[in-house]
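What follows is the residue order along each chain.
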Protein chains: 2
Amino acid sequence: MKSVSDYTYMVEESIAGLGYGAATPTNLYLPIEYGLQKGGKRIRPVLTLMASEAFGTTAQKALIPATGIEMFHNFTLLHDDVMDRSDLRRGRPTVHKKWDENTAILSGDTMLTLATQMVSTVPDVVLRRVLDTFNRMAIAVYEGQCLDMDFEQMDVVSAESYLDMIGKKTGALLGAAAAIGAIIAEASEKDCSLMEQYGYMLGLAFQIQDDWLDMFGDPATFGKPIGGDVLNRKKTFLTVSVMERGGAEAQALHDAMNISDGELRIKTVRKIYEQAGIPDLCRENIEFYSHKALRAVRSTGMSEEGQRSFEKLVEKLIDRRR
Amino acid sequence: MKSVSDYTYMVEESIAGLGYGAATPTNLYLPIEYGLQKGGKRIRPVLTLMASEAFGTTAQKALIPATGIEMFHNFTLLHDDVMDRSDLRRGRPTVHKKWDENTAILSGDTMLTLATQMVSTVPDVVLRRVLDTFNRMAIAVYEGQCLDMDFEQMDVVSAESYLDMIGKKTGALLGAAAAIGAIIAEASEKDCSLMEQYGYMLGLAFQIQDDWLDMFGDPATFGKPIGGDVLNRKKTFLTVSVMERGGAEAQALHDAMNISDGELRIKTVRKIYEQAGIPDLCRENIEFYSHKALRAVRSTGMSEEGQRSFEKLVEKLIDRRR
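Small disclaimer: the values here were computed from a predicted structure and weren't measured. (Residues numbered from 1 in each chain as written. Chains lettered and ligands numbered in written order. Predicted model: local features only at pLDDT ≥ 70, side-chain atom pairs only at ≥ 80, totals over all residues. Heavy atoms only, no water.)

Peer 1: Could you give an account of the overall build of chain A, with specific residues and numbers?
Peer 2: Of the regular secondary structure elements, chain A holds 16 helices and two strands. Taken against the 2.2 N^0.38 rule, which gives 20 Å for 322 residues, the C-alpha radius of gyration of chain A at 20 Å falls within 12% of a compact globule. Referenced to the eigenvectors of the C-alpha coordinate spread, the extents of chain A come out at roughly 60 × 50 × 35 Å. In chain A, which comprises 322 residues, the share counted as buried stands at 58%. (Helix = DSSP H or I, 4+ residues; strand = E, 2+ residues; numbered from the N terminus. Rg over C-alpha atoms; globule rule 2.2 N^0.38 Å. Buried < 20%, exposed > 50% of the residue type's maximum accessible area, 1.4 Å probe, protein only.)

Peer 1: Hey, could you go over the interface of chain B and chain A for me, with residue numbers and the actual values?
Peer 2: Contact residues are listed per partner, giving 39 residues for chain B and 39 residues for chain A. Approximately 3,300 Å² of surface area, both sides summed, lies buried where chain B meets chain A, with 62% of it carried by carbon and sulfur atoms. A per-residue breakdown of the area chain B buries against chain A is headed by Asn 102, Leu 106 and Arg 128 of chain B, which together make up 17% of the total. Viewed at the interface, chain A and chain B are joined by two salt bridges. (Contact = heavy atoms within 4.5 Å. Buried area = accessible area lost by both parts, 1.4 Å probe. Salt bridge = Lys/Arg side-chain N within 4 Å of Asp/Glu carboxyl O.)

Peer 1: Lay out unusual backbone geometry with the relevant residues and their values.
Peer 2: Cis peptide bonds are those with omega within 30 degrees of zero, and the linkage from Thr 24 of chain A to Pro 25 of chain A qualifies with 0°. Phi at Arg 90 of chain A is positive, roughly 50°, even though this residue is not glycine. With respect to the helices and strands, Arg 90 of chain A occurs in the loop between β1 (88-89) and β2 (92-93). Relative accessible area serves as the criterion here: at 34%, Arg 90 of chain A is assigned to the partly exposed category. Within the chain, Arg 233 of chain B stands out as a residue other than glycine whose phi angle is a positive 50°. With respect to the element layout, Arg 233 of chain B can be found in the loop between α11 (228-231) and α12 (237-243).

Peer 1: Hey, could you go over the side chain of Thr 170 of chain B for me, with residue numbers and the actual values?
Peer 2: Checked against the element boundaries, Thr 170 of chain B lands in helix α8 (residues 159-184). For Thr 170 of chain B, the side chain forms a polar contact with the side chain of Gln 207 of chain B, separated by 3.4 Å. (Polar contact = N/O pair within 3.5 Å; in protein donor to acceptor, adjacent residues only side chain to side chain.)

Peer 1: Break down helix α6 (residues 101-119) of chain B for me, citing the residues and quoting the values.
Peer 2: All names here are of chain B. Here α6 spans 27 Å end to end across 19 residues, near enough to the 27 Å set by a 1.5 Å rise per residue. With respect to burial, α6 is a largely interior element, 17 of its 19 residues being buried. The opening residue of α6 is Asp 100, an N-cap whose side-chain oxygen sits 3.4 Å from the backbone nitrogen of Asn 102. (Expected span 1.5 Å × (residues − 1).)

Peer 1: Give me the lowdown on the domain arrangement of chain A, citing residues and values where you can.
Peer 2: All names here are of chain A. Domain boundaries in chain A define domain 1 (1-121) and domain 2 (155-322). Computed over C-alpha atoms, the centres of domain 1 and domain 2 are 23 Å apart. Contacts between the two partners involve 21 residues from domain 1, matched on the other side by 25 residues from domain 2. Roughly 2,000 Å² of surface becomes buried between domain 1 and domain 2 when both sides are summed, with 82% attributable to carbon and sulfur atoms. It is Met 1, Leu 47 and Phe 55 in domain 1 that bury the most area against domain 2; as a group they hold 33% of the surface buried on that side. Where domain 1 meets domain 2, there are zero salt bridges. One can count two residue pairs in polar contact (both at pLDDT 80 or more) joining domain 1 with domain 2. Every element with two or more residues in the side of domain 1 that touches domain 2 is listed here: α3 (43-54) and α4 (63-84). Considered class by class, the residues forming the side of domain 1 that touches domain 2 number twelve nonpolar, five polar and four charged. (Domains from an automatic or database assignment. Nonpolar A, V, L, I, M, F, W, Y, C, P; charged D, E, K, R; others polar.)

Peer 1: Please provide a residue-by-residue account of the relation of the copies chain B and chain A, values included.
Peer 2: The operation relating chain B to chain A is a screw motion whose rotation component is 180°, with 0.0 Å of axial translation and a residual RMSD of 0.0 Å. Taken together, the turn and the small shift mark the pair as related by a two-fold rotation axis. Of all interface residues in chain B, 100% are interface residues in chain A too; the two copies therefore contact each other through one and the same surface. (Least-squares fit on C-alpha atoms with pLDDT ≥ 70 in both.)

Peer 1: Before we move on, could you go through α8 of chain B and cite the residues and values that matter?
Peer 2: Residue and element names in this part refer to chain B. For α8, which comprises 26 residues, the first-to-last C-alpha distance of 35 Å matches the rise-based estimate of 38 Å (1.5 Å per residue) to within 8%. Along α8, the helix axis deviates most sharply at Gly 171, where the bend reaches about 45°. Summarising burial for α8: 21 of the 26 residues are buried, a large majority. Note on α8: the residue one or two positions beyond its end, Glu 186, has a positive phi of about 55°. (Bend = angle between axes of the 7 residues up to and from the residue.)

Peer 1: Outline the pattern of salt bridges, supporting the account with residue identities and numerical values.
Peer 2: Here the structure, examined in full by the defined rule, presents 28 salt bridges over all chains. Where Lys 168 of chain A meets Asp 164 of chain A, a salt bridge forms, and the shortest distance between an N and an O atom there is 3.7 Å. Note that Lys 168 of chain A and Asp 164 of chain A are positioned in helix α8 (residues 159-184) at a spacing of four residues, about one turn of the helix. Classification of Asp 164 of chain A as partly exposed rests on a relative accessible area of 35%. As a salt-bridge pair, Asp 148 of chain B and Lys 234 of chain B come within 3.8 Å of each other at their nearest N and O atoms. Of this pair, Asp 148 of chain B sits in helix α7 (residues 124-152) while Lys 234 of chain B is found in the loop between α11 and α12, placing the two residues 86 residues apart along the sequence.

Peer 1: Outline the packing of helix α13 (residues 247-257) of chain B against helix α14 (residues 262-275) of chain B, listing residues and values.
Peer 2: All names here are of chain B. The interhelical angle for the contact between α13 and α14, taken along N-to-C directions, is 165°, at an axis separation of 9 Å. Classified by the angle their axes make, α13 and α14 are roughly antiparallel. As α13 packs across α14, the resulting crossing turns out to be left-handed. Contacts from Glu 249, Ala 252, Leu 253, Ala 256 and Met 257 in α13 reach Arg 265, Thr 268, Val 269, Ile 272 and Tyr 273 in α14. Residue classes in the contact of α13 with α14 are distributed as seven nonpolar, one polar and two charged. (Axes fitted to C-alpha atoms, helices over the stretch in contact; angles between N-to-C directions. Parallel < 35°, antiparallel > 145°, perpendicular 65-115°, else oblique. Left-handed = near helix turned anticlockwise from the far one by under 90°.)

In structure tokens form, the structure reads like this:
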């Protein structure tokens, strides 16, 4: 097994070699190259490469499908940024800002088909399994994005519904990324399904941590301004956990969210979270889903070395010291 | 072989049985059901069913993939309507008007993946060929849409470039629809490629006819107001044919397009087309590409009965009496 940074390097090289910068029509392919440029963590394709080696094939054999997984991820970012009217992504203008909305829609569509082509470059013997896993995942991601937009229009969302939504929007793709690596290595149905669980649970832990970091993270390392979700009045694991309790705490949060001064709103909401014990609740849930991920990978038939690699990835992504 | 109306009926029944009206999240699936409702001619899936029977299998075996082809077509309509800011389609509000833009983007994405799933419901022995044909077609359609938008920003477009664009935007999908039917029937590579040519050439003839009808069609049967392309200053086979000649005719058309009164603009442009012999040029080109389509289908190894069916389809779609 290689290190995460070795796998990441392979993915970066693969993306750099795609050559869309020279393809025509320019207005279709330049935004695709731009959307794929460095800046992301490449976790999803790394999962695919790791799983393929852990189950006994070479990462090289899974490289184009893994690149397709990253292409799919970046397609969802392009369209999500249009839907969320986001102007910045990884510190750069989003595609619909740098070009326009039509370009983001059409280049995104193209990325989805290119992604499907890339994941289809697998041997015939696994083509249908890979394709079914990929398409099923894509449908889950769209459903998750739809629920996310639906939730923004609702006063109260249960934590259960919220977890279902982030499971579809984030967990499904990490799950499919890991499963597709295992399928390419011709692992058993059971092991592939366990790897899908690993990725799904890791996705849940990761998203809850991301929600927590937005409020309680270290501004020096988080990469985004603290309190962004509160400023945008976004539903997160933190808000839904308070809201579903009802009563005085929920009312206090509701009132705090209506404070017009942004800085004061963040400060007030933070105090409510602390008094309601939300940081502990987050930590417990992050632990819970991280453990589920680890249990899934330990139930597979992969080597000890492989298991250690997937454990290390959880440690890398989930800061369990706090 | 069945009649075109029999095949159309099969497609309508298949679409009616999809059941997206009952699927959740409602905001994702209701727009899909709405987008697929009656009104279109269903030419593309009919081509798939016809080709499958002409090469010796049952239309039933090609029905779900054919429905996927129609799903793909309707996905492109959903996204094109957003990009073109069109408010009406087949006399009804477009999805982004009835719901909103985000819904049209996300439901469109979902339709693309659903379409891919449907065309993948073919036996293993033809899966890769079907999938490759489908994905290659999809890329051509996006490139065609991109060129179409690019052309709107250009003063002069050659007829050759225009034909390349409509070939990608319209011809590629009709071509893939016919080819996929042949592939499902396990026809030879050569015959599948000839069927792709048939559809492609039929698409060119059909689009040139559509451009012609917009100016010279019978208002009673055309279904859209005459002169819509002139009102929207859209590039068509008619405009590019005049423009690429340069000189006084091109200048006159350029000036006429700047007339602010819509009715006068249509009248003036019509006169320029007539004086420049554009109606004859259209007829010649429609004949030329119809003949190419017929020659392709006659070069295949299919039965006389099959050939007659594909000839009849050309006659049905292309009014050759005028």
